[in-house]
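Residues per chain, in single letters:
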Amino acid sequence: MATELKVPKLGMDMEEANILRWIVEEGQSVEKGDPVLEIDTDKVSYEVEANADGVIRRVRGEEGETVPVGATLAYIAAPGEEFEEPVGANGASSPAAQPSLPDAAPTATEETREHRNGRRGVRASPAARRAAATRGIFIEDIPGSGPGGRIYLSDVLEADVRQATPDEVPQEAPPRTPAVPATGAQHPSGAPAPVEPPPAEDAERELLSRVRRVGAERTAKSFGDVPHFYLTRDLEADGLLELRERLKAKMYPALSLTELFALAIARTLKGHPRLNARYVDGGYVDLNRRVNLGIATATDEGLVVPVLKGADSLPLRELVPAVKELIGRAREGKLGADDLSGGTFTVSNLGMMGVDAFDAIINAPQAGILALGRVRTVPEWREGAWLPLRVISATLSVDHRVADGADGARFLGDLQAALSDWELLL
Amino acid sequence: MPEREITYREAVREAMVGAMRENDEVFLMGEDVGVYGGAFGVSRGMIEEFGEERVVDTPISEAGYVGLCTGAALMGMRPIAEIQFSDFMTHCMDQLVNQAAKIRYMFGGEGRVPMVVRTPGGAGTGAAAQHSQSLEAWFVHTPGLKVVMPSTPYDAKGLLLSAIDDPNTVIFYEHKLLYNKKGTVPEEPYRVPLGEANVSRIGDDVTIVTAGLMHHYVLEAAEALADAGVEAEVVDLRTLSPMDDAAVRRSIEKTGKLVVVEEDVKTAGWGAEVVSRIVEGESFYSLDRAPARVAGADVPIPYNRDLEAHVRPTPEKVVEAVRNLVDARKGVYA
């Protein structure tokens, strides 16, 4: 079966992209990860990489054309595969360079649904749109029973029942999972979804910011889909705190515990690839070669997680300003699509807000997140006497499909070693 | 309240007679309304009771006597002007549109024109292009006038009494094919408020909005549709201006489908106003199908009977429109 190459969603608010340049041509062989074409949003340019090994087929979209997120750009036929475009696909009999968004063929197949993923392609009655919005269903995911796949209210109600009782309808295809969870901004009506039931009399309803809406969907999905487990350990912080004192005077801007932790975590992760990984449906795990460290950041609009790319290879002198710059832009709401994508592991620090310890929700598809608490001084029985010991509580949340308790414990052990003896990171 | 079946014509007459007995300021004026009893016999017998002072035959000049009625209304009378065919309203357009509709506004409420202009509209009688038109949308388009179009004898009597009471000029549309229609009507005087639609049939599948003679076509179509398992809700607007769009909205909220059935020509007909009011507000989001109109063709009414039948709405066309909407594979009627 050929793999579809689609327009990726690079940022929370991205809806469409321009095709800048095709790097490969129809019929050319590619390996997974090879750049296939270059696209351009209002924020970033981006190379779309092949998502499978094979031969590029049925290239759609001309250079300069604007295409919506999720639109099919090409198919990658497995090596040696006799390529057959899925039934109902547009232009199955004609050659390459199809316009990417012709009117949907009059059969509600998977392919026409893909076309409808481009918002402009969806035809739905106003009542259907309202019902979908009220129920939090993406109208793009609903097969329409009308001509050209037009969606009626009855289709939405049916889809709603299906979602509520998935087990009873085993013949239904599983819901399409976008690379990045879809956002509220994608909502086709463009309007905030009217919500039922109405708020309680003594409650005031407010519309979530886009950041919070996205966060709500992503955390709910991650917490529901990913089997979490948690390992908590008090990390002795004397070494860390001494290092910060020592470097504080020598570095401007002054470094924070978050930045030192970022360095220690990123470098320690290099030796623990199962925690810097992602689970792939079908029984695979992708081990990431680089550490792209997400740094959970509270903003007025809600939690965002900017990503420090290649954190494992940054020297401290570059890492500190890079982290400060990322967090600064996050607070100003100036993050681009690139800043928010590609994370492989996340650190969340609530220590400066007085929290002792907490459990964090994994930022799927990452496999782990480390939650840090405040610096506490605890008594420790050592060599016949009680000694004050400064510690920071660290709780590691792990995707159990990817790693086990022992994997996490070893990581925390190595992290402790690094915090005590920084030379180990050299 | 004693009830009996009378015709639409008799119901209109009963309202006029009742009002004239109650109130000396009410009088009837028009071409052949007196001795002849009106072109369609609506005022038959009235001159005998009220005399030619209050049931006045006029020269053939709509501009003249509608102007006279306008002045009388301004002076405190309650005139009823009859126009033989609604097509002849063109002759008194200035009196109606520039005078009667404007005076209350232009004199800061100091003057008012409580006049009723009764007139039969519509086609289906083989009377050709100059005696068959449905021009009510013109007056719906004129602020300052109210437009009433009752479909049953009961509503005709109740609405005419309300129209005579009303302090504004009311254009009261009757229909040549309705005059012989019978219905239950109380003998006592009663009022049907202006501006209130009547849901004459309850159903969940589609809302059909209509008025006047078309209401009967729609009810006929609704029965045929019910045999096919489609339950139509029928909204008889009764008053076109002010229009009771809230009643339509309530029904659409339930059915999600709107069909308007009007006898006037489709282009810029009052049905377009019904549709617009639904689609431009929050009620847009209650629609599950594109709204549809079954209306007169955009042509002068042909004299030839077959052609005339061809250009008018019929119960069959209403059934077809509803079937097209309800059928998911089509979903539109255009």
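Computed from a predicted model, the values in this text were never measured in an experiment.

(A) Fine view of the overall build of chain B. Regarding its fold elements, chain B presents 12 helices and 14 strands. In chain B, which comprises 334 residues, the share counted as buried stands at 53%. A fraction of 78% describes how many contacts in chain B between residues 6 or more apart in sequence connect residues 24 or more apart.

(B) Highlighting unusual backbone geometry. Along the chain, Ala364(A) connects to Pro365(A) via a cis peptide bond; the corresponding omega equals 10°. Position of Pro365(A) relative to the elements: it lies in the loop between strand 16 (345-349) and strand 17 (368-382). Its identity as a non-glycine residue notwithstanding, Asp32(B) has a phi of 65°, on the positive side. Turning to its location among the elements, Asp32(B) is positioned in the loop between strand 2 (26-30) and helix 2 (46-50). Of the residues examined, Asp32(B) has 16 C-beta atoms within 10 Å and is grouped as partly exposed.

(C) View of the interface of chain A and chain B. Every contact between the two is made by 12 residues of chain A and, on the other side, 11 residues of chain B. The element best represented in the side of chain A that touches chain B is helix 2 (residues 126-135) of chain A, accounting for 5 residues. Split into classes, the residues belonging to the side of chain A that touches chain B amount to 6 nonpolar, 3 polar and 3 charged.

(D) Layout of the nonpolar core. The biggest cluster of nonpolar side chains holds 115 residues, and the ones touching the most others in it are Ala128(A), Leu160(B), Ile208(B), Val259(B), Val318(B) and Val322(B). If near-sequence neighbours (up to four positions away) are discounted, Ala128(A) is found in contact with Ile139(A), Ile151(A), Tyr152(A), Leu153(A), Asp155(A), Val156(A) and Asp288(B). Ala264(A), Leu326(A), Ala367(A) and Leu372(A) belong to the second largest nonpolar core, which has 56 residues in total.

(E) Summary view of the UniProt feature "domain: Peripheral subunit-binding (PSBD)" (unreviewed entry) in chain A. UniProt records the feature "domain: Peripheral subunit-binding (PSBD)" (unreviewed entry) at residues 123-160 of chain A, using the numbering of this structure. In this annotation, residues 123-160 of chain A is assigned 47% helix and 0% strand; the end-to-end C-alpha distance for the span is 18 Å.

What counts, and where the lines are drawn
- Within any chain, residue numbers begin from 1 and follow the written order of that chain's sequence.
- To read the labels, note that chains go from A and ligands from 1, taken in the order they are written.
- Where totals are concerned, whole chains, interfaces and linings use all residues; where local detail is concerned, this predicted model gives features only for residues with pLDDT of at least 70, and gives and counts side-chain atom pairs only at 80 or more.
- For the purposes of this entry, the term helix denotes a DSSP run of H or I that reaches at least four residues, the term strand denotes a run of E that reaches at least two, and both are numbered from the N terminus.
- To assign burial, the other C-beta atoms lying within 10 Å of each residue's own C-beta are counted, with C-beta atoms placed from the backbone; 20 or more indicates buried, 12 or fewer indicates exposed, and intermediate counts indicate partly exposed.
- Two residues form a contact once the distance between their C-beta atoms, set from the backbone, is within 7 Å.
- Side-chain classes are defined by residue name, with Ala, Val, Leu, Ile, Met, Phe, Trp, Tyr, Cys and Pro counting as nonpolar, Asp, Glu, Lys and Arg as charged, and the others, Gly among them, as polar.
- Nonpolar cores are identified as sets of buried Ala, Val, Leu, Ile, Met, Phe, Trp, Tyr and Cys residues joined via C-beta atoms within 7 Å.
- UniProt positions are given in the numbering used here, feature names are shortened, and annotations may be inferred rather than shown by experiment.

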